[in-house]
Amino acid sequence: MTYIKPKFRHPGLKRNKIGFAKSDYEGAISTLCAGCGHDSISGAIIQACYEMAIEPHHLAKLSGIGCSSKTPTYFLGNSHGFNSVHGRMPSIATGANLANRDLIYLGVSGDGDSASIGLGQFCHVLRRNLNMVYIVMNNGCYGLTKGQDSATADPGSVSKEGSNNAFQAIDLVGLSLELGATFVARSFSGDKKQLVPLIKAAMSHPGFAFLDIISPCVTFNNNPGSTKSYDYVREHIAATSRLDFVPEEKEITVSYEEGTSASVRLHDGSLIHLQKLSPHWDPTDRDSAMNHLQKAKSHGEILTGLLYIDPHSGDLHQLLDTVAQPLNTLREKELCPGRAVLEEINAEYR
Amino acid sequence: MKPTNINNPEYFHKVVDCQYACPAHTPVPEYIRLIAAERYTEAYMVNWESNVFPGILGRTCDRPCEPACRRGRIEEEPVAICRLKRVAADNKGEVKSRMPQAPEKKNGKKIALIGGGPASLTVARDLAPLGYEIHLYDDWHKGGGMMRSQIPAFRLPESVLDEEVNYILEMGIHTHFNHYVSSMKEMLEKDYDAIFVGTGAPKGRDLILPGREEGAKNIHIGIEFLANVAFSHVDKIGKKVIILGGGNTAMDCCRTSRRLGGDEVTVVVRSPFEEMKASPWEIEDARAEDIPILNNMPPKEFVVENGRLKGVIFEKVRAEYDENGRRKLVPTGEPDVFIEADDVIIAIGQDNAFPWIERDLGIEFGKWDIPVLDKVSFQSTLPQVFFGGDAAFGPENIITAVAHGHQAAISIDLYCQGKDILDRPSPMTNLIHQKMGIHEWSYDSAVVDDLRYKVPHEVKSITLTNRKIEVELGFDPPTGFKEAQRCLNCDIQTVFTASTCIECDACVDICPTSCITFTENGEEEDLRTRLSAPAENKTQDLYVSEVLPTKRVMVKDEDVCLHCGLCAERCPTSAWDMQKFLYNVTKASKIL
Ligand SMILES: Cc1cc2nc3c(=O)[nH]c(=O)nc-3n(C[C@H](O)[C@H](O)[C@H](O)COP(=O)(O)OP(=O)(O)OC[C@H]3O[C@@H](n4cnc5c(N)ncnc54)[C@H](O)[C@@H]3O)c2cc1C
Ligand SMILES: Cc1ncc(C[n+]2csc(CCOP(=O)(O)OP(=O)(O)O)c2C)c(N)n1
Ligand code: SF4
Ligand code: SF4
Ligand code: SF4
Ligand SMILES: [Mg+2]
């Protein structure tokens, strides 16, 4: 019986530049259904954090409720974590981020968690441009509660027991573009080549980075007629671009053809290179992204890749003009600077 | 790459590294699991079927399986396969009733076996149940060959040897002991349908240096010395002893000397330590008995004064290697070294010798007096004469002699039936599904972290007093269990079915040792560089699937697979399955 992952790893695997092995970014063995897309996303997160050489104690995982929200147990076992209430992860993330702006915040949610019970919280955290990565593991159903249609299920999509979904779907990508998100991407759990650089780019983005990742529920929504099954997604996927993420200090070695490529420099100096597969689209132009999304939808295509990025994004701390020092480290000395300072402030209002 | 043909039995056989490396291809993981289940008798019989001498080999085998063991590639040391074999032998119950016996009614064919070592005994065991009348000749008074005359009793107790030799001799073998066969011509004139030569490599090499003749009384040839000790013709040696040579014979000679009165026993090798032929564990055991080993010192002269050996003069050299890696020993210029000795033992190798085979019988000999043989059938250029063991291709070891014996027995059986002896029987293979439940397999799939357990030794002050006291005590059953659990069950194969794979990546994500990759196909060299982990061990195969719906292929590097079954547990469609692969070399008669 194997509930424990053996400790042995491939002896040929290298450590990253801060001396960690990839296994240092792993978590407990997954208890999700075998073949669940969510596990692949966990794998991509592990790969991205390992490659980015993130210090595990420098990252906090936050989640709501659902199979998707359980995944933080299965990756980054040495990082901070908070498994919160259904649909309430954004509040926890906001509070944590305001208290300590120095950590990387990785929010993990599901389509039920974000598009149903948590839709309000989702909209508000987004419009505040909180500095975090927000991943929705989107399987079009409530996996944990046995596969009921969720708000992202496409109209007409057939559920496992055979009923057609009668309602319109909430497209979280469309919604976030509409609400002013500064980083919007869509991907597929079964495409790590695209997913890993997207996660890395999202972690480097200063502000709210939204990743809608289609992630088939093998148990309840992988049947013929479902628009979130492995087969359906693979047949209808249309990538906007091939993507490379080049961290700041790395030399740029790939050459890109003029006209079909675009590059976006991020605040920290790293670079996102997009080898565009569809012309007439500019990833820094919100209108063009929205147009493109609509067009793909009407053709029955699932548009993936980095869809929109605002290179000038300023996060919530910038908007609120908070101090550079994390608020949770401010002590009495800084918070109560004494009578003289109070006098000074009061004098300003006289 | 082309999709891997897993229907070729050799593909999965190669994955079971230990079994593949074993000359007799003993199903190692199969008996290790039986030991863990405390089914020692069954474990013994799995061994006996394949290697004929489990108790002997569990103490003395050269164990080519251990350097091959996959565990040695993921941590420091391989599974103690050899010593686990001994656990089966030490704890077994009654086995005789499980062994085939010779039928009352004979098949009318008569076979002569010349030499009573493991090769001949294996032929006897494989042929006796088929009704052959078997005559075994040996110049000693008991069977076992060098297992008796050479391997010291402190490594192999006589009772263990007798037991396993007798299982065979009691199958109605006609023994002709104390019978040196001095003419092959005479043997051919008798009414044997076939003759098997298993006479070993009985000639110890000599070292002709100044003083050799004058000091002859105290200069001994290693294998002659050991045989004389084994048969109690010699029971003491001088206080100061020098052993010349760095192989296993030298190790047995020095340790034996320590038990016969040698207080200052020194082993001197001409070349560097790294080139010593002795197994590392033999060297370790010799050192533990306070025997220094000096290297880079070729002997120059035996010093004899007034007819008495005084010692040996050695030159000091260092090894230099040319661009082809060829070694040359160059003098360092340091002064020669004189080491005092009352006795010197020369243990620098053995050779084949067939002075008793006349050269006009049609049996051809090639270089170094080695018979010309067919490598598969062991048949000589005289059709009814077969060779095996050390007599075939020069000195090897017991397990090789056994492997030869099995093949020679098949050849003799085919030959006696007038069949084509190159039409060899295929191995018996079997591949069976092992799933018992969602997280349950018929084997212990969990991988333990335990490091290799040490075999306990009897205390030195006791063992050095009597050459018959066994040094190694063997694992007790609880330790045997723990050591058995270290086995990775490499015979439980990961079997992939491309048509059911939905490419969800679950197996890639879970695999602890990054064995699995889904990628575009390519040539092997290129593929090896772009897998989840670099596949640098070229001796290990890549398992490649047919093309999948995404136009990629599944590539599994077999190198460090832990056979943990996690890929199969995480696979939603059972595209991965754990299946037990049993590979058994076919023998002349069915034993189990
Ligand atoms: C010192 C020493 C230690 C060894 N230790 C090990 C060990 O630990 N593990 C291991 O695997 N191997 C060991 N070996 C090697 C192993 O003993 C041999 O490889 C193996 O016994 C060969 O088996 P065989 O059947 O070919 O012949 P042998 O075992 O050599 O038997 C041949 C028999 O034939 C007899 N014979 C020869 N000519 C005639 C004749 N004309 N007429 C009648 N009888 C004849 C010989 O006296 C002998 O009894 C050791 C060898 C030596 C020398
Ligand atoms: C307040 C509250 N309401 C309802 C539930 C029941 N519930 C648990 S998980 C879940 C839906 C999860 O769906 P999703 O976020 O898509 O996750 P998935 O399991 O599909 O990954 C619901 C409704 C709950 N746990 N808490
Ligand atoms: S129910 Fe669906 S979403 Fe939940 S673990 Fe199973 S496959 Fe994944
Ligand atoms: S782990 Fe066990 S089965 Fe695998 S090679 Fe080693 S001994 Fe053989
Ligand atoms: S059995 Fe499967 S999961 Fe385990 S090491 Fe081998 S390939 Fe990887
Ligand atoms: Mg869901």
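In case you missed it, the structure is sitting above this.
Structure report, in brief. (Residues numbered from 1 in each chain as written. Chains lettered and ligands numbered in written order. Predicted model: local features only at pLDDT ≥ 70, side-chain atom pairs only at ≥ 80, totals over all residues. Heavy atoms only, no water.)

1. A word on the interface of chain B and chain A
Consideration 1: The partner chain A presents 27 residues to the 36 residues of chain B that form the contact.
Consideration 2: Taking both sides of the interface into account, the surface hidden between chain B and chain A amounts to around 2,600 Å²; carbon and sulfur atoms contribute 56%.
Consideration 3: Taken as a group, H439, D509 and R570 of chain B account for 21% of the area that chain B buries against chain A, more than any other trio of residues on that side.
Consideration 4: Connecting chain B to chain A are four salt bridges.
Consideration 5: Notably, a salt bridge pairs E520 of chain B with K193 of chain A, separated by 3.6 Å at the nearest N-O pair.
Consideration 6: In this assembly, chain B and chain A are joined by 11 residue pairs in polar contact (both at pLDDT 80 or more).
Consideration 7: Residue assignment for the side of chain B that touches chain A shows that the elements contributing at least two residues are α7 (71–74), α20 (506–510) and α22 (566–570) of chain B. (Contact = heavy atoms within 4.5 Å. Buried area = accessible area lost by both parts, 1.4 Å probe. Salt bridge = Lys/Arg side-chain N within 4 Å of Asp/Glu carboxyl O. Polar contact = N/O pair within 3.5 Å; in protein donor to acceptor, adjacent residues only side chain to side chain. Helix = DSSP H or I, 4+ residues; strand = E, 2+ residues; numbered from the N terminus.)

2. Regarding the packing of aromatic side chains
Any aromatic ring pair is given by two values, namely how distant the centres are and how the planes are angled relative to each other.
Consideration 1: Applying the stated criterion to the full structure yields 22 aromatic pairs over all chains.
Consideration 2: Arranged with centres 6.0 Å apart and planes meeting at 80°, the rings of F20 of chain A and Y25 of chain A form a pair that is edge-to-face.
Consideration 3: When the centroid spacing of 5.7 Å and the interplanar angle of 85° are considered together, the rings of F354 of chain B and F387 of chain B count as edge-to-face. In this pair, F354 of chain B is assigned in the loop between β16 (350–351) and β17 (385–387) and F387 of chain B in strand β17, connecting sequence segments 33 residues apart. (Phe/Tyr/Trp six-rings, centres within 6.5 Å; stacked < 30°, edge-to-face > 60°.)

3. Section: the site of ligand 1
Residues and elements named next belong to chain B.
Consideration 1: The environment of ligand 1 is made up of 33 residues, and the closest members are T60, D138, D139, R155 and D390.
Consideration 2: The separation between an oxygen atom of ligand 1 and a polar side-chain atom of D138 is 2.8 Å.
Consideration 3: In this structure, an oxygen atom belonging to ligand 1 sits 3.4 Å away from a main-chain N or O atom of N397.
Consideration 4: Considering ligand 1 on its own, with 1,000 Å² of exposed area, one finds that the protein chains cover 96% of that surface.
Consideration 5: Among the secondary structure elements, those contributing two or more residues to the shell around ligand 1 are α9 (118–127), α13 (222–230), α14 (248–259) and α17 (398–416).
Consideration 6: Its residues assigned to classes, the shell around ligand 1 comprises 13 nonpolar, 14 polar and six charged.
Consideration 7: Each of domain 1 (100–202 + 352–416) and domain 2 (205–349) accounts for three or more of the residues forming the shell around ligand 1. (Near = heavy atom within 4 Å. Areas by Shrake-Rupley, 256 points an atom, 1.4 Å probe, with all protein chains shown as cover. Nonpolar A, V, L, I, M, F, W, Y, C, P; charged D, E, K, R; others polar. Domains from an automatic or database assignment.)

4. Regarding helix α15 (residues 280–288) of chain B
Residue and element names in this part refer to chain B.
Consideration 1: Every buried residue of α15 is listed here: E282, I283, D285 and A286. Down the axis, α15 shows its buried residues gathered within 160° of arc, on one side only. Exposed residues on α15 whose side chains face more than 90 degrees from its buried face are P280 and E284.
Consideration 2: Each element contacted by the buried residues of α15 is listed here: α14 and β9 (293–294).
Consideration 3: Backbone geometry just downstream of α15 places D290 in the positive-phi region, at approximately 60°. (Buried < 20%, exposed > 50% of the residue type's maximum accessible area, 1.4 Å probe, protein only. Arc of directions from axis to C-beta.)

5. Regarding the environment of P224 of chain A
Residues and elements named next belong to chain A.
Consideration 1: Tracing the chain through its elements places P224 in the loop between β8 (208–214) and α8 (230–236).
Consideration 2: Its relative accessible area of 74% is what places P224 among the exposed residues.
Consideration 3: Here the alpha-carbon distance between P224 and V158, two residues 66 residues apart in the chain, equals 7.5 Å.

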